[in-house]
Amino acid sequence: MTELKPHAAHWGTYDAVVRDGRVVGVRPFERDPFPGSLIESVPDIVHAACRVDRPYIRKGWLEGRRKGALRGGDPFIPVSWDRAVRLVAEETRRVRTEHGPTSIFGGSYGWSSAGRFHHARSQLQRFLGLGGGYTGQVNAYSYAAAQALLPHILGTNEVLLGRTTDWAAITRHAKVMLCLGGLPLRNGLVTSGAAGRHSNEINLREAAAAGLRFIQVSPNRADVPDWCNAEWIPIRPGTDTALLLAMAHTIVTAGREDRDYLATRCVGWDRLRAYVTGEADGIAKTPEWAEPITTVPAATTHRIAMELADLPAMLTATWSLQRADYGEQPYWMLAALAAMLGKIGKPGEGVAYGYGSVNGMGEPRQEVPSFSMPATRNPTGAFIPVARITDMLENPGGTYDFNGRAQTYPDTRIIWWAGGNPFHHHQDLNRMLRGWAQAETIIVQEQHWTAAARHADIILPATTTLERNDIASSGRDRFVRAMHQAIAPVGQARNDHDILADIAEELGFRDRFTEQRNEDAWLRHLFEQWRQNCARLGFDTPDFDAFWAKGWWEAEPPKRGEEYTQFAEFRTDPEEHPLDTATGKIELFSETIASFDYDDAPGHPVWIAPREWLGAEQAKRFPLHLLSFQPATRLHGQLDPGRVAAADKIQGREPITLNPEDAAERSLAPGDIVRVFNDRGACLGGLRTDPGLMRGVAMMATGAWFDPLEPGVPGSLCVHGNPNVLTPDIGTSRLGQGPSAQSCLVQVEPWTEDLPPVRAHIPPLIEEPAA
Ligand SMILES: Nc1nc2c(c(=O)[nH]1)N[C@H]1C(S)=C(S)[C@@H](COP(=O)(O)OP(=O)(O)OC[C@H]3O[C@@H](n4cnc5c(=O)[nH]c(N)nc54)[C@H](O)[C@@H]3O)O[C@H]1N2
Ligand SMILES: Nc1nc2c(c(=O)[nH]1)N[C@H]1C(S)=C(S)[C@@H](COP(=O)(O)OP(=O)(O)OC[C@H]3O[C@@H](n4cnc5c(=O)[nH]c(N)nc54)[C@H](O)[C@@H]3O)O[C@H]1N2
Ligand SMILES: [Mo]
């Protein structure tokens, strides 16, 4: 018998086609105009050979090889759920008692599920918070540098992740859009919390049809679809700040800055102006100054600067620009340029970040409450900036700076992850692998034998969303969707909530954790709270049973002609509607940031040459700038064992793209297997060429599961193509401490040896205990 079960994931909304207890296919949601292909991998993922079928313990851990042991090479021993739960509870109690709660690292960064009740990270943090506390993580790998910066200069992070000026306003009023990093459609395949409607392509097509001109500044022509007819201006990665400063210089020289706007709505223009003109440091930031840095011809810089001064314009940058050395700077300078031109708050004009970074950015919408698990307080209040995990492991008790605070790293004994994959997301994996050895116990709740699970001590098998009931919701989408359980749990997998409830029972707080609700009661309870929030804003919502039977609810879209421009009230009346910055104005110079006295993030935007870029001394040895971007065939590491990702690989390896001339110089042809390397590590890749990629730039998506030739040996070749064996692990600056993966130099050479097998998608070595 075939059944259809309404369901949703970060990669889309669909009905699961279920036959004989297995998910055999998917049908896209009827209301989604661009469902995308990622959902096709769903059946492969649910029934993958690399599902974790039972709880496991690393053999070495059982034998006492804990702190100091390199993980990844030991076999695993299956154990019963009872034993696994008891071991975890005992270990948690011991570490809390002996070392205090901050010794449990439970930041657990990661995307978890679109289902908001079973959201693994929320469940784990609830458990750890109620159990006495832990060390958490703040901000996101996506945009950590921006999250620290933007509140100082614009008073809000809405301009990054919230309600930005929408496409209705841009399309109606703007004539030109400056797109640093382009507007790549592939990144619109996903929405955190699932899309009922993939809207990026529709919004972009309408804007293009209305005649909006796109100026695309990026190393990769494919970052904007052909049909936008964008002007492509190739730029060396990591140098956008120099370009923006040169545009500012052009505008000042032409006397085109908006003096009234600068005087009434900004502070610090005199300081920034002196830097731009060179009064401050003797270097005028002219287009000719910028040309050897960016490779953008001075005449082009001059022309586009004047165009932005002449026409209604929206300025945007992808999130990738700030995942780089001093990534705060291009974001600050882009806002400064928009402010100088008096554009911030004009209808359809100004600045916002990420229109091309994720689905739903700038989608015209009403503010609908999200369906979510309420956050739980962490009684220790301890946290690290998201990407400082290896630093933390290497420096227990060590001090560091972060956004004006001097902080201390905790002494980590337990690392606990549910719903994230540090071996996907973190940089310099070989260094991280050594850091992992500092922990006594590493606990991972996972569905699959990801690299995070393979490098853990205690692995607890989790259900996928298709094995439980839930509700999906995103602040960027107007649909709320029911996720019906489609199949029974695979193997002995259990829901994260149930796993943690049992551990809480061992520790004596089960009822506080569950509030004596089961899954059904939780969903009804959270739904009722969401309904009340909706009612307060005047939205009409069905009761739970009606919603569940229908499978989705839709907030009414804004009417045609309605539009939203961020900062409009501030522009109209800055006294009545000040910004939430220290001065109430746009800060082109920030006294607060200046007072931190950071040479890597001074009081106004500056050009600082990245540690790694094509202009660096190191480029002589490693002459290619590697951009490790978001994959078109999966979500990070999720869906990697599926058919969509497999079809894109070259002899099973992750593709790496070079300009054809860079390939020819290395005697490489498309389809060849190559070794990509630098001083931090090496991986294999399958070569692709593209004349639309700048010379000197290499692009390799993130997400191929880390697959070291010799597991457990730092520096071992990743045979599959995970670029994070190559990327540097250094904070963007002391201000943001964000990840700086995009500042990375490599070399590429032919791989001439036998091709080692990819083992990432089969289970690791398992030893059955002697009977
Ligand atoms: N080099 C480089 N590195 C990067 C980036 C880059 O641009 N370049 N981008 C960074 C960015 S922006 C991000 S957001 C991160 C993403 O990093 P992550 O969010 O950590 O990556 P995912 O692969 O999505 O990891 C989620 C994991 O959770 C598991 N999971 C899903 N649902 C459940 C569940 O219900 N229960 C449990 N227990 N587990 C579940 C999945 O199986 C998966 O392994 O990567 C970062 N890393
Ligand atoms: N299909 C799919 N979509 C996704 C994700 C996924 O895993 N799969 N992940 C989601 C997540 S978590 C996030 S945070 C977002 C991230 O969204 P982004 O950070 O915007 O994505 P990227 O793909 O890393 O980068 C976009 C483009 O920026 C350009 N670029 C890189 N460096 C520079 C530079 O220095 N200057 C200029 N001018 N351009 C540069 C590159 O050419 C690249 O194609 O994507 C989301 N969307
Ligand atoms: Mo992200």
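- In the annotation of an unreviewed UniProt entry, the entry for the protein reads Biotin transporter BioY, and the organism field reads Neoroseomonas lacus.
- In UniProt, the protein has this text filed under Sequence similarities (unreviewed entry): "Belongs to the prokaryotic molybdopterin-containing oxidoreductase family."
- The heading Cofactor (unreviewed entry) in the UniProt record of the protein holds the text "Mo-bis(molybdopterin guanine dinucleotide)".

## Quick word on the overall build of the protein
Logical step 1: What the protein contains, in helices and strands, is 26 helices and 29 strands.
Logical step 2: Expected size for 771 residues packed as a compact globule is a radius of gyration near 28 Å; at 26 Å, the protein falls within 12% of this value.
Logical step 3: Dimensions of the protein, computed from C-alpha atoms along their principal axes, come out at roughly 85 × 65 × 50 Å.
Logical step 4: Split into buried and exposed, the 771 residues of the protein put 65% on the buried side.
Logical step 5: Relative to all contacts within the protein whose residues are 6 or more apart in sequence, the contacts with residues 24 or more apart total 75%.

## Overview of the site of ligand 1
Logical step 1: Surrounding ligand 1, one finds 31 residues, the nearest of these being His-425, Glu-446, Arg-468, Asp-496 and Asn-724.
Logical step 2: Here a nitrogen atom of ligand 1 and a side-chain polar atom of Gln-427 are 3.1 Å apart.
Logical step 3: Residue Gln-630 places a side-chain N or O atom 3.2 Å away from an oxygen atom belonging to ligand 1.
Logical step 4: Alone, ligand 1 offers 920 Å² of accessible surface; in the complex the protein occludes 98% of this.
Logical step 5: Put simply, the parts of the chain that give the shell around ligand 1 at least two residues each are α16 (422–425) and β18 (441–446).

## Regarding the side chain of Thr-412
Logical step 1: Turning to its location among the elements, Thr-412 is positioned in the loop between β16 (405–408) and β17 (414–418).
Logical step 2: For Thr-412, a relative accessible area of 5% translates into the label buried.
Logical step 3: Not counting residues up to four positions away in its chain, the partners in contact with Thr-412 are Ser-103, Phe-105, Met-392, Leu-393, Gln-438 and Ala-439.

## Examining the pattern of salt bridges
Logical step 1: Tallied over the full model, the rule gives 63 salt bridges.
Logical step 2: Here Arg-54 ties to Glu-768 by a salt bridge, and the two come within 3.1 Å at their closest N and O atoms. In this pair, Arg-54 sits in the loop between α1 (42–46) and β4 (56–58) while Glu-768 sits in the segment after β29 (745–750), placing the two residues 714 residues apart along the sequence.
Logical step 3: Residue class for Glu-768 comes out exposed when judged on its relative accessible area of 52%.
Logical step 4: Linking Arg-58 and Asp-74 is a salt bridge whose minimum nitrogen-to-oxygen distance equals 2.6 Å. Placement of the pair is Arg-58 in strand β4 and Asp-74 in the loop between α2 (59–62) and β5 (76–78), with a sequence separation of 16 residues. Judged on exposure class, the residue Arg-58 and its partner Asp-74 are both buried.

## Quick word on the pairing of strand β25 (residues 655–658)
Logical step 1: Alternating positions in β25 separate into two faces, Pro-655 and Thr-657 on one and Ile-656 and Leu-658 on the other, with burial throughout.
Logical step 2: Two strands pair when backbone bridges link them, and β25 and strand β27 (residues 682–689) are joined in this way by four bridges, in the parallel orientation. Bridging across to β27, Pro-655 finds its partner in Gly-686.

## Let's talk about helix α11 (residues 269–277)
Logical step 1: When α11 is considered as a whole, its buried residues turn out to be Trp-269, Leu-272, Ala-274, Tyr-275 and Val-276.
Logical step 2: Elements that come into contact with the buried residues of α11 comprise α9 (240–253), α10 (259–265), β11 (266–267) and α14 (328–340).

## Section: the environment of Arg-413
Logical step 1: Looking at the secondary structure, you find Arg-413 in the loop between β16 and β17.
Logical step 2: For the pair Arg-413 and Arg-66, spaced 347 residues apart in sequence, the C-alpha to C-alpha distance is 10.0 Å.
Logical step 3: Within the local environment of Arg-413, its side chain forms a polar contact with the side chain of His-99, the two groups lying 3.4 Å apart.
Logical step 4: A polar contact is formed between the side chain of Arg-413 and the side chain of Asp-411, at a distance of 2.7 Å.

## Quick look at the packing of helix α3 (residues 81–99) against helix α19 (residues 496–506)
Logical step 1: Between α3 and α19, the least distance of the axes is 9 Å, while the angle of their chain directions is 60 degrees. Compared by their axis directions, α3 and α19 come out oblique. Crossing handedness for the pair α3 and α19: right-handed. Contacts from Trp-81, Val-85, Arg-86, Val-88, Ala-89 and Arg-93 of α3 reach α19 at Ile-499, Asp-502, Ile-503 and Glu-506.
Logical step 2: Split into classes, the residues belonging to the contact of α3 with α19 amount to six nonpolar, no polar and four charged.

## With respect to the packing of aromatic side chains
Logical step 1: Enumeration over the complete set of coordinates arrives at 27 aromatic pairs.
Logical step 2: Both rings, one in Tyr-400 and one in Tyr-409, keep their centres 4.0 Å apart while their planes meet at 15 degrees; by these two values the pair is stacked.
Logical step 3: Given the relative accessible area of 9%, Tyr-400 is considered buried.
Logical step 4: Ring geometry for Phe-527 and Phe-544: centres 5.5 Å apart, planes at 85 degrees, overall edge-to-face. Of this pair, Phe-527 sits in helix α21 (residues 519–536) while Phe-544 is found in helix α22 (residues 544–550), placing the two residues 17 residues apart along the sequence. In this pair, the class of Phe-527 matches that of Phe-544, namely buried.
Logical step 5: Sitting above the plane of the Tyr-275 ring, Lys-285 keeps its charged end 3.9 Å from the centroid.
Logical step 6: It is Arg-675 that lies over the ring of Phe-677; its NZ or CZ is 4.4 Å from the centre.

## Points about the sheet that holds strand β3 (residues 22–28)
Logical step 1: Strands sit in the order β1-β2-β3 across an open sheet of three strands; the sheet is antiparallel. The open sheet has two edge strands with one neighbour each: β1 (2–9) and β3. Strand-to-strand twist of the sheet, defined as the mean angle between neighbouring strand axes without regard to direction, takes the value 35 degrees.

## Details of unusual backbone geometry
Logical step 1: In this structure, Asp-597 takes a positive phi of about 60 degrees despite not being glycine.
Logical step 2: Tracing the backbone shows Asp-597 in the loop between α24 (591–596) and β24 (624–627).
Logical step 3: Under the relative-accessibility criterion, Asp-597 is labelled exposed at 65%.
Logical step 4: The backbone of Ser-667 shows a phi angle near 55 degrees, a positive value even though the residue is not glycine.
Logical step 5: On the secondary structure map, Ser-667 appears in the loop between α26 (660–665) and β26 (673–677).
Logical step 6: A relative accessible area of 64% means that Ser-667 is categorised as exposed.

## A look at the domain arrangement of the protein
Logical step 1: Here the protein is partitioned into domain 1 (2–140 + 370–513), domain 2 (158–364 + 563–595) and domain 3 (617–750).
Logical step 2: Using C-alpha coordinates to define each centre, domain 1 is positioned 36 Å away from domain 2.
Logical step 3: Contacts between the two partners involve 25 residues from domain 1 and, on the opposite side, 19 residues from domain 2.
Logical step 4: Of the roughly 1,700 Å² buried where domain 1 meets domain 2, counting both sides, 55% is carbon and sulfur surface.
Logical step 5: The tally of links from domain 1 across to domain 2 stands at one salt bridge.
Logical step 6: Across the pair Glu-363 and Arg-478 runs a salt bridge whose closest N-O atoms are separated by 3.7 Å.
Logical step 7: Where domain 1 meets domain 2, there are eleven residue pairs in polar contact (both at pLDDT 80 or more).
Logical step 8: Counting only elements with at least two residues in the side of domain 1 that touches domain 2, the list comes to β1, β2 (12–19) and β21 (479–483).

The rules behind each value
- Residues numbered from 1 in each chain as written.
- Chains lettered and ligands numbered in written order.
- Predicted model: local features only at pLDDT ≥ 70, side-chain atom pairs only at ≥ 80, totals over all residues.
- Heavy atoms only, no water.
- UniProt positions renumbered as here; feature names shortened; annotations may be inferred.
- Helix = DSSP H or I, 4+ residues; strand = E, 2+ residues; numbered from the N terminus.
- Rg over C-alpha atoms; globule rule 2.2 N^0.38 Å.
- Buried < 20%, exposed > 50% of the residue type's maximum accessible area, 1.4 Å probe, protein only.
- Contact = heavy atoms within 4.5 Å.
- Near = heavy atom within 4 Å.
- Polar contact = N/O pair within 3.5 Å; in protein donor to acceptor, adjacent residues only side chain to side chain.
- Areas by Shrake-Rupley, 256 points an atom, 1.4 Å probe, with all protein chains shown as cover.
- Salt bridge = Lys/Arg side-chain N within 4 Å of Asp/Glu carboxyl O.
- Pairing = 2+ DSSP bridges.
- Axes fitted to C-alpha atoms, helices over the stretch in contact; angles between N-to-C directions.
- Parallel < 35°, antiparallel > 145°, perpendicular 65-115°, else oblique.
- Left-handed = near helix turned anticlockwise from the far one by under 90°.
- Nonpolar A, V, L, I, M, F, W, Y, C, P; charged D, E, K, R; others polar.
- Phe/Tyr/Trp six-rings, centres within 6.5 Å; stacked < 30°, edge-to-face > 60°.
- Lys NZ or Arg CZ within 6 Å of the ring centre and 35° of its normal.
- Domains from an automatic or database assignment.
- Buried area = accessible area lost by both parts, 1.4 Å probe.

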